[in-house]
Amino acid sequence: MTAPVPSPPGRLAGRARLRVLLVENDPVAARRSEASLAAHREFDVRVDCVPSLSGAIRLLLEQSYDAVVLELDVDDASGLATLAGIRGAAPTVPVVVYARALDDVLAVRALRAGAHECHDKQHLPPVHLARSLTFAIERQRRLAALEAARVDASHRATHDPLTGLANRALFLDQLERALAFGTRYHRNTGVLFIDLDGFKEVNDRHGHALGDRLLRVVADRLVQCVRRSDAVARLGGDEFVVLLPDVRSDRDLAHVKASIEASLQRPFGHEGSAVVPLAASIGCAMSPVDGVSAPELLAMADADMYREKVQRADSSAAQV
């Protein structure tokens, strides 16, 4: 079961509302801590108190909390094992450790294990517990913002910003991995190189905004034509590629190619009318016959696409 992600604190009577889980098996200490948290000046704090790790895990899996205040020694656990259980059940919830006989070594180990704040309960004034809770929540917020920025930067480095598909760098890495797998287990790897026909005229006649919409439609349709184990990427402009790992023969590539052609033939509607027809030249290549490296296989699929485009142009000229 996946732990619920804590929601941002709500508002109540001008103060933010916090829901805190207090894990404490000493009734006297629990009442003192609850009173300290309830007297928080910035937040309206609601505290649920449990005396055991198992009870805390159950609540964390069933409900959302903004923070946990944790005594390491409870009814059914002690030391860093208690903290590990809390972090496992709610990895994104900030944890304030306050424990009896907390020395420097244990505090450092707890911080390394995921605690946001650590205090010796016997030397912690009541007002400091509420303040420490505020610091822990703010630290978790900043860590979450940094992680979101890191994930976003990583995604932008490997994906096309317009369509959300993999970019050239990521596709080549995926292709190299598929080829390595195929070499080891004697499987074929297929590549389709797709170039939209007449895309420049679409941009010239209808504008780049419509051209961008068309590219997003093409990306969606390509994804719908392949298996979940396959990969689709946009190399740039109106060029797309499809990776087909573990194909048996040319017929598998031909089947996917026919599915893509049929999908692209469906009209692309613009402002209520189908004004933009979709067509593409599609080249195919398969390892190991057409290449054993990613650049070789991609170049062969590109060349096959170009031959199809030339043949189509020659056929249209002959009909005229």
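In what follows, the structure referred to is the one given above.
Residues numbered from 1 in each chain as written. Predicted model: local features only at pLDDT ≥ 70, side-chain atom pairs only at ≥ 80, totals over all residues. Heavy atoms only, no water.

A. Local environment of the packing of aromatic side chains. Evaluation of the coordinates by the stated rule reveals one aromatic pair. The ring of Tyr65 is capped by Arg19, whose NZ or CZ atom sits 4.8 Å from the centre of that ring. The ring centre of Tyr98 lies 4.8 Å from the NZ or CZ of Lys121, which sits over that ring. (Phe/Tyr/Trp six-rings, centres within 6.5 Å; stacked < 30°, edge-to-face > 60°. Lys NZ or Arg CZ within 6 Å of the ring centre and 35° of its normal.)

B. Molecular detail of the state of the cysteines. In the structure shown here, the tally under the stated rule is zero disulfides. Free of any disulfide, Cys225 has its nearest neighbouring cysteine sulfur in Cys284, separated by 13 Å. (Disulfide = S-S within 2.5 Å.)

C. Layout of the packing of helix H2 (residues 53-62) against helix H3 (residues 80-89). Here H2 crosses H3 at 15 degrees, and the two axes come no closer than 9 Å. It follows that H2 is roughly parallel to H3 by the angle criterion. Crossing of H2 over H3 shows right-handed handedness. In contact with Leu53, Ala56, Ile57, Leu60 and Leu61 of H2, H3 contributes Ala81, Thr82, Gly85, Ile86 and Ala89. Taken together, the residues of the contact of H2 with H3 break down into eight nonpolar, two polar and no charged. (Axes fitted to C-alpha atoms, helices over the stretch in contact; angles between N-to-C directions. Helix = DSSP H or I, 4+ residues; strand = E, 2+ residues; numbered from the N terminus. Parallel < 35°, antiparallel > 145°, perpendicular 65-115°, else oblique. Left-handed = near helix turned anticlockwise from the far one by under 90°. Contact = heavy atoms within 4.5 Å. Nonpolar A, V, L, I, M, F, W, Y, C, P; charged D, E, K, R; others polar.)

D. Molecular detail of the side chain of Arg234. Note on placement: Arg234 falls in strand E8 (residues 231-236). In this structure Arg234 comes out as buried when scored by relative accessible area, which is 13%. When neighbours within four sequence positions are excluded, Arg234 is seen to be in contact with Asp160, Leu162, Thr163, Leu165, Ala166, Asn167, Arg168, Leu215, Glu239 and Phe240. (Buried < 20%, exposed > 50% of the residue type's maximum accessible area, 1.4 Å probe, protein only.)

E. Just the sheet that holds strand E12 (residues 280-286), in detail. Judged by pairing direction, the sheet is antiparallel, and its four strands sit side by side in the order E8-E9-E7-E12 without closing on themselves. The sheet terminates laterally at E8 and E12, the two strands that pair on one side only. Across the sheet, the mean angle separating the axes of adjacent strands is 20 degrees when strand polarity is ignored. With seven bridges connecting them, strand E7 (residues 188-196) and E12 associate as antiparallel partners. Paired with Val191 across the bridge in E12 is Ala285. Sitting on the sheet, helix H6 (residues 168-185) is in contact with E7, E8 and strand E9 (239-247), with an inclination near 15 degrees to E9. Docked against the sheet, helix H9 (residues 250-265) engages E7, E9 and E12, running at close to 165 degrees with respect to E12. (Pairing = 2+ DSSP bridges.)

F. Structural view of the nonpolar core. Ranked by size, the top nonpolar core spans 28 residues in total, and within it Phe240 and Ile260 carry the most contacts. Secondary-structure elements contributing two or more residues to this core are E7, helix H7 (199-206), helix H8 (208-225), E9, H9 and E12. Here this core takes seven residues from H8, the largest share from any one element. Apart from the residues within four sequence positions on either side, Ile260 is in contact with Leu192, Ile194, Leu222, Cys225, Val242 and Ile282. Leu21, Tyr65, Ala89 and Ala99 belong to the second-largest nonpolar core, a separate cluster that totals 26 residues. (Core = buried A, V, L, I, M, F, W, Y, C linked by side-chain atoms within 4.5 Å.)

G. Representation of unusual backbone geometry within the structure. The omega torsion across Ser287 and Pro288 is -5 degrees, close enough to zero to call that bond cis. Structurally, the position occupied by Pro288 is in the loop between E12 and helix H10 (294-319). The backbone of His186 shows a phi angle near 60 degrees, a positive value even though the residue is not glycine. When you line up the elements, His186 lands in the loop between H6 and E7. Even without a glycine there, the phi angle at Asp246 is positive, about 60 degrees. Looking at the secondary structure, you find Asp246 in strand E9.

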